[in-house]
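As a plain string of letters, each chain reads:
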Amino acid sequence: MAAPQMTASDNDDQIDLREYWDLIVDSRWFIASLTALSLSVGVAYAFLARPIYEANLLIQVEDSAGSAASFLGQAASLFDVKTPAAGEIEIIRSRMIIGEAVDKTLMYVQAKPRYVPLVGGILARNTKALSEPGFLGFAGYVSGSESIQIGSFTVPEEFEASKFRLRVLSSGRFSVTHPDLEAEIQGAVGVPATQETPDGTISLLVGSISAKPGAEFTVVRNSREETIADLQEDLKLTEKGRQSGVIEARLEGADKEKLIQLLNEIGGQYVRQNVERKAAEAEKTLAFLDAQLPQFKKQLMDAEDAFNRYRNRQGTVALDEEAKLILSRTVDLQGKLLEAQQKRKELVSRFTPEHPLVATLDSQISAFNVEIAALNAKVHTLPLVQQDALRLERDVKVNNELYQQLRNNAMQLQLMREGKIGNVRLVDRAALPKDPIRPRRALVIVLSLLLGFVGAVLVAIARNAFFRGIRNPEEIEAHAGLTVYSTVPLSKVQAGLAQKVTSKEPGTHVLACEAPHDSAVESLRSLRTALQFAMLDAPNNRIVITGASPGVGKSFISTNFAAVVASSGKRVLLIDADLRKGYLNSYFGLPRERGLSELIAGSVAESEAIHRNVAPHLDMLTTGVLPPNPAELLMTQSFSTLLVRLSSMYDVVIIDTPPILAAADTLNISFHAGTLLLVARAGQSLVGELHESAKRLSHSGRTVTGAILNALDASRRHMGAYGYKYGGYKYRQYSYEATSR
């Protein structure tokens, strides 16, 4: 009964989590290395990166008492009127405010010490002492608390954003150099240093220097416009809460002292311009009121004279309750009408007549006029005497109300002008921040550890998916259609023997002879048993062992398999037919010369070329001198005749040939072999390589008898395992040695 075989689709349809776990365990050192690398980078960034600080201030914007929004009240919300803070935010960000702050703080001038590379900034942040200039023979580098204050620095436009090198001299003097300057600039602290250039004048005023002679500073004069634009972009302005009128200004920077200086200067400039603007508005309005007050006073006096003359002529006229109500309501409406008309004049100067605010005022003015007209109509229904008295008394009260209102406004404007009062105030000034906002060391280290681990796992999975070799014999049988006769595990002992082979040390370095109980040798014994039945139908006793590509271990398989077959008592001849890079002679400490190539050419006899009993019952034929035309040499009739003659002398002839995909020699030799074995290396060989090798052999009329999976690392959980879905078999190295009685 045939053993059941698992199809390829059984594993490919679904992926078991155990497969991923095995892959992670197998790649643990790779994952650990990448994780450690990521953690190292994270720790280096956390401790080496320059800290960034954030400062903030709060500004309160109060609504003007006479503003259109406050006058309209809730009607303004119907048109989504922006709060005063929305417009004030744009004023704060304007070039008028930012430009003044930049000029006051000289933000377009950057001056910093020339720190020692990599660690200079860190050392400087953790010391308060001045350092000795110089680093590894390079002058000027510092790593202490050196500082410089620039009073002013102007350069031609061609020199903007370029680096000037300032070197500290003795007695408060300094020199400034630049690649485009013909001569250095000499100067002293507190004294302007100037130099004429073809592009303009360079002027530098150094306020103070704290450094030892020989220390160097890098000074850069940036463009004022670009500095303002960058600051406008970096400055974050938000309103705290909805329509609260409180604006928060936040700014980030590495120099926390200069950061709060700049932010406070922005706040101060904004408050000053607001006061100046309000004072200018008050002055302008006050001039208008000063011109209007005499006219309103004259109107009031005229109305009072007319009313007094009427009372002297008619006597006191008693108004009934209806007339009093009409009088009170008319006075109130006339005041509101005048106020609305004044607000409309103010809005029309800023908006078009179609603006929603202007349209709302127009509708209110129309409503006031309609109501006043209705009250006037009621007045006409009163007796004639009451009509005249009501009209005259109304004129007196309306003019008096308007006159008093204008006087009060004038007095308020005078107080505003003289008291320097605006509608904004600085609630909280920027304070010196203690802790940086980034890098957050603990967070950076934890994230670098997590990201490194996750990234390493993903890389390991991707590497396994896209660059992996054959993992188990099932892949060869399912995808390449070749029968795997044996799976040879990776041998630790062979690693030491391989070094001796590479160094060509004398003696025998064959695993089957040195460690006959090694698991790899046991696998070759299983191969020997399997081939006994496979060779029953073979036309001859010659076995060709080859590989698809170099480095799969075909020479190891050939040598040790020959020794294993010979250990069973059969006479075996091992032929190294790799006339390009063959080195089977090194396994037995034999010379290469006087071998196969000379035997084919007839320059030596068989007795001279064949090395007898290199191992019990095992003879060997080395490559001989490597010929320039190995493929042509192996196609000669002499080679074919030689193989026939040698086959009659031995029970088994094992021929080691070059890789199929690297050389055409194997295709020529395969005609003379009854059995053809293809060696694949676990984790290295690809199924496509086996496919191509079998295809090339089939084109030459030969069929691969079977395959050998070599160097299977049983210690790796993911190697040699198959059938995860059904709890399949995993190749292991079992110990089954004889016990002493």
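Each chain carries its own residue numbering, running from 1 in the written order of its sequence. Residue-level local features of this predicted model are given only where pLDDT is at least 70; pairs of side-chain atoms are given and counted only at 80 or more, and the full residue set underlies all totals for whole chains, interfaces and linings. Hydrogens are left out, water is left out, and the side-chain values use all remaining heavy atoms of the structure.

## As for the overall build of the protein chain
- In DSSP terms, a helix is any run of H or I states spanning at least four residues, a strand is any run of E spanning at least two, and both are numbered starting from the N terminus. Each helix and strand counted, the protein chain has 24 helices and 20 strands in total.
- Within the protein chain, residue pairs in contact and separated by at least 24 positions form 77% of the contacts whose partners lie at least 6 positions apart.
- We get accessible surface area from the Shrake-Rupley algorithm with a probe of 1.4 Å; when it comes to residues, only the shown protein chains can shield them. Summing over all exposed atoms, the protein chain offers an accessible surface of approximately 39200 Å²; the carbon and sulfur share of this is 54%. Residues count as neighbours in contact if any of their non-hydrogen atoms are within 4.5 Å of one another.

## As for a nonpolar patch on the surface
- Each patch is built from residues lacking any salt bridge and having more than 30% relative accessible area; the joining distance is 9 Å for like charges and 5 Å for nonpolar side chains (Val, Leu, Ile, Met, Phe, Trp, Tyr). Whenever Lys or Arg places a side-chain nitrogen within 4 Å of a carboxyl oxygen from Asp or Glu, that contact is recorded as a salt bridge. Residues V43, F47 and L48 make up a contiguous nonpolar surface patch of roughly 240 Å² in combined accessible area.
- Take V43: it is sitting in helix α3 (residues 28-48).
- Each residue is placed in one exposure class: buried if its accessible area under a 1.4 Å probe, protein chains only, is under 20% of its type's maximum, exposed if it is over 50%, and partly exposed if it falls in between. Look at V43 and you get partly exposed, because its relative accessible area is 31%.

## Focus on the packing of aromatic side chains
- Two aromatic rings from Phe, Tyr or Trp, using only the six-membered ring of Trp, form a pair when their centres are within 6.5 Å; if the ring planes differ by under 30 degrees the pair is stacked, by over 60 it is edge-to-face, and anything between is tilted. If you walk through the whole model with that rule in mind, you get 4 aromatic pairs.
- Taken together, a centroid distance of 6.0 Å and an interplanar angle of 35° make the contact between F159 and F164 tilted.
- Look at F159 and you get buried, because its relative accessible area is 4%.
- Relative to Y587, the ring of Y583 has its centre 6.0 Å away and its plane inclined at 20°; by these criteria the two rings are stacked.
- For Y583, a relative accessible area of 37% translates into the label partly exposed.
- Only Lys NZ and Arg CZ are tested; either one counts as a charge over a ring when it is within 6 Å of the ring centre and within 35 degrees of the ring normal. A cation over a ring is seen here: R114 above Y141, with NZ or CZ 4.2 Å from the ring centre.
- Sitting over the ring of F30, R463 keeps its end group 4.1 Å from the ring centre.

## Some details on the nonpolar core
- Counting 53 residues, the largest nonpolar core has F153, F164, L166, L235 and I266 as the members making the most contacts within it.
- Of all the elements, helix α9 (residues 256-314) adds the most residues to this core, at 8 residues.
- Nine residue types can take part in a nonpolar core, namely buried Ala, Val, Leu, Ile, Met, Phe, Trp, Tyr and Cys, and a core is a set of them joined through side-chain atoms within 4.5 Å. The next biggest cluster of nonpolar side chains, apart from the first, holds 42 residues, and it includes L573, A577, V604 and Y650.

## Notes on the packing of helix α14 (residues 473-480) against helix α24 (residues 687-699)
- Only C-alpha atoms enter the line fits that serve as axes; for helices the fit covers just the stretch in contact. Angles between N-to-C directions range over 0 to 180 degrees. Orientation of α14 relative to α24, taken along the N-to-C sense of each, is 50°, at an axis distance of 10 Å. Our classification of the angle between α14 and α24 gives oblique. Judged by the sense of rotation from one axis to the other, the crossing of α14 with α24 is right-handed. Listed contacts from α24 to E475, I476, H479 and A480 of α14 are V687, L690 and H691.
- When grouped by side-chain class, the residues that make up the contact of α14 with α24 number 4 nonpolar, 2 polar and 1 charged. By the definition adopted for this analysis, an angle is roughly parallel if under 35 degrees, roughly antiparallel if over 145, roughly perpendicular if from 65 to 115, and oblique otherwise. Working rule for handedness: look at the near helix, and if it is turned counterclockwise from the far one by less than a right angle, call the crossing left-handed; if clockwise, right-handed. For this classification, Asp, Glu, Lys and Arg are treated as charged, while Ala, Val, Leu, Ile, Met, Phe, Trp, Tyr, Cys and Pro are nonpolar and the rest, including Gly, are polar.

## Some remarks on the pattern of salt bridges
- Going through the model one piece at a time under the given rule, you end up with 24 salt bridges.
- Of the charged contacts, one joins K554 and D578 as a salt bridge, the two residues approaching to 3.6 Å between their closest N and O atoms. Of this pair, K554 sits in helix α18 (residues 554-567) while D578 sits in the loop between β15 (572-576) and α19 (596-601), and the two are 24 residues apart along the sequence. In terms of burial, K554 and D578 fall into one category: buried.
- R594 is the salt-bridge partner of E608, the closest N and O atoms lying 2.9 Å from each other. One end of the pair, E608, is in helix α20 (residues 606-609); the other, R594, is in the loop between β15 and α19, and 14 residues separate them in sequence.
- Residue classification places E608 among the partly exposed residues on the basis of a relative accessible area of 43%.

## Side note on the packing of helix α6 (residues 95-105) against helix α8 (residues 224-234)
- Closest axis-to-axis distance for the α6/α8 pair is 10 Å, and the angle between their directions is 115°. Considering how the two elements wind past one another, α6 and α8 form a crossing that is right-handed. Across the interface between the two elements, R95, I98, G99, E100, V102 and D103 from α6 touch R224, T227, I228, L231 and Q232 from α8.
- Grouping the constituent residues of the contact of α6 with α8 by class yields 4 nonpolar, 3 polar and 4 charged.

## Here we look at helix α17 (residues 519-534)
- The span expected for a helix works out to 1.5 Å for each residue beyond the first. Taking 1.5 Å as the rise per residue, α17 with 16 residues should run 22 Å; its terminal C-alpha atoms sit 23 Å apart, in good agreement.
- Three or more residues of α17 are buried, namely A520, V521, S523, L524, L527, R528 and L531. Buried residues of α17, seen end-on, are gathered within an arc of 155° and therefore sit on one face of the element.
- Lining the buried residues of α17 we find β13 (484-489), α16 (511-514), β14 (542-547), α18, β19 (675-681) and β20 (706-712).
- The definition of a polar contact used here is a pair of N or O atoms within 3.5 Å, where within protein one atom must be able to donate a hydrogen and the other to accept one, and adjacent residues in sequence count solely through side-chain atom pairs. The backbone nitrogen of A520 has a side-chain oxygen 2.9 Å away, supplied by the residue at the start of α17, namely D518. It is the directions from the helix axis to the C-beta atoms whose arc is reported.

## A closer look at the pairing of strand β7 (residues 193-197)
- Because side chains alternate across β7, one face comprises the buried residues A193, Q195 and T197, and the other comprises T194 and E196, none of which is buried.
- By the bridge criterion, 5 bridges tie β7 to strand β8 (residues 200-210) in an arrangement that is antiparallel. Counted as the bridge partner of E196 is T201 from β8. Any two strands with at least two DSSP-identified bridges between them are counted as paired.

## Overview of the confidence of the model for the protein chain
- pLDDT is a residue-level measure of predictor confidence that goes from 0 to 100. Taken residue by residue, the protein chain gives an average pLDDT of 84. The fraction at 70 or more is 86%.
- Ignoring residues within four places in sequence, the model shows residues 1-13, a span with pLDDT below 50, making 15 contacts including any to other chains.
- Confidence drops under pLDDT 50 across residues 65-82; counting only partners more than four residues distant or on other chains, this segment forms 21 contacts.

## Describing a positive patch on the surface
- For the purpose of charge, His is not counted, nor are the chain termini; Lys and Arg are scored as positive and Asp and Glu as negative. Note on charges: their place is set at NZ of Lys, CZ of Arg, CG of Asp or CD of Glu. The grouping of R50, K112, R125, K163 and R441 at the surface amounts to a positive patch.
- Under the relative-accessibility criterion, R125 is labelled partly exposed at 39%.

## Observations regarding the environment of R525
- Tracing the sequence through the fold places R525 in helix α17.
- As a C-alpha pair, R525 and N560 span 35 residues in sequence and 9.8 Å in three-dimensional space.
- For R525, the contacting residues outside a window of four places in its chain are P516 and V564.

## With respect to helix α15 (residues 492-502)
- Along α15, the residues classified as buried are Q494, L497 and V501. Looking straight down α15, one finds that the buried residues subtend no more than 65° of arc, so they occupy a single side. In α15, the exposed positions that point more than 90 degrees away from the buried face belong to K492, Q499 and T502.
- Each element contacted by the buried residues of α15 is listed here: α16 and α18.
- Two residues or fewer past α15, K504 is found with a positive phi of approximately 55°.

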